[in-house]
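Coordinate analysis (summary)
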Amino acid sequence: ALVSVSNTIFAQTPFDKFDNDPKIYAVVVSKKMFSMLSKIDAKDKETIQYVNLIKKLDNLKVFVTSDAKKASDMKATSDKYLKTSGLDELMRINENGRNVKIYVKSGSSDSQVKELLMFIEGSGKEETVLMSLTGNFDLDELSALTDKMNLPGGDELKKAGKGKK
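Okay, so let's go over this structure. Quick caveat: nothing in here was measured; it's all calculated off a predicted structure.

Details of the overall build of the chain
What the chain contains, in helices and strands, is six helices and six strands. Secondary structure elements of the chain occur, N-terminal to C-terminal, as α-β-α-α-β-α-β-β-β-β-α-α. Sorting the 165 residues of the chain into buried and exposed places 41% on the buried side. In the chain, of all internal contacts separated by at least 6 residues, the share reaching a separation of at least 24 is 59%. For the chain, the exposed surface amounts to about 9,500 Å²; the carbon and sulfur share of it is 49%.

What follows is the structure, encoded as structure tokens:
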């Protein structure tokens, strides 16, 4: 019981093993940081959208690598996670040999999302990207986050937001 409580408190995921790997670029943003960011005094519409979204987020993890072995490990880990997580495929894009898969766990309505997982399988010189996002947010709001934080895969998430309506 203690282990399951500590996992909940620290929001541990199978992806945490990529966090301190020198061959993987990692961005991890916690609920505390989102809470601090939500205190921004927003004046323009775009910043207001951004602040409204980050109030709804709990955790963001982005892992990026161009190392083939690490990319393979990221793919295997995400595939294994998808088998037990209860996430549904939202969309798949195959563009120029690059595979993008986006999965979600729906919230209280069809447009609400509790969890989003995006995996972009790099090809050739393209990087592999794994992104996990949790909270209770609307998929259409994600473009504000990807624009402000300059996250990899932002264009794919914009397409997903338009397709979910």
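The rest of the description comes next.
Some details on the side chain of Thr77
On the secondary structure map, Thr77 appears in helix α4 (residues 68-85). Residue Thr77 is classed as buried on the basis of its relative accessible area, which comes to 9%. Ignoring sequence-local partners within four residues, the contact set of Thr77 consists of Pro14, Phe15, Lys17 and Phe18.

A short note on α4
With 18 residues, α4 extends 25 Å between its outermost C-alpha atoms, agreeing within 8% with the 26 Å of an ideal straight helix rising 1.5 Å per residue. For α4, the complete set of buried residues consists of Ala71, Met74, Thr77, Ser78, Tyr81, Leu82 and Ser85. The arc that holds every buried residue of α4, seen down its axis, measures 140 degrees, which confines them to one face. Of the residues in α4, the exposed ones pointing more than 90 degrees away from the buried face are Ala68, Lys69, Lys80, Lys83 and Thr84. For α4, the elements touching its buried residues are β2 (57-65), β4 (98-106), β5 (112-121) and β6 (128-138). One side-chain oxygen of the residue at the start of α4 lies 3.1 Å from the amide nitrogen of Lys69, identifying that residue as Asp67. Positive phi shows up at Gly86, right after α4, with a value of about 80 degrees.

Calculation criteria
- Residues numbered from 1 in each chain as written.
- Predicted model: local features only at pLDDT ≥ 70, side-chain atom pairs only at ≥ 80, totals over all residues.
- Heavy atoms only, no water.
- Helix = DSSP H or I, 4+ residues; strand = E, 2+ residues; numbered from the N terminus.
- Buried < 20%, exposed > 50% of the residue type's maximum accessible area, 1.4 Å probe, protein only.
- Contact = heavy atoms within 4.5 Å.
- Areas by Shrake-Rupley, 256 points an atom, 1.4 Å probe, with all protein chains shown as cover.
- Expected span 1.5 Å × (residues − 1).
- Arc of directions from axis to C-beta.
- Polar contact = N/O pair within 3.5 Å; in protein donor to acceptor, adjacent residues only side chain to side chain.

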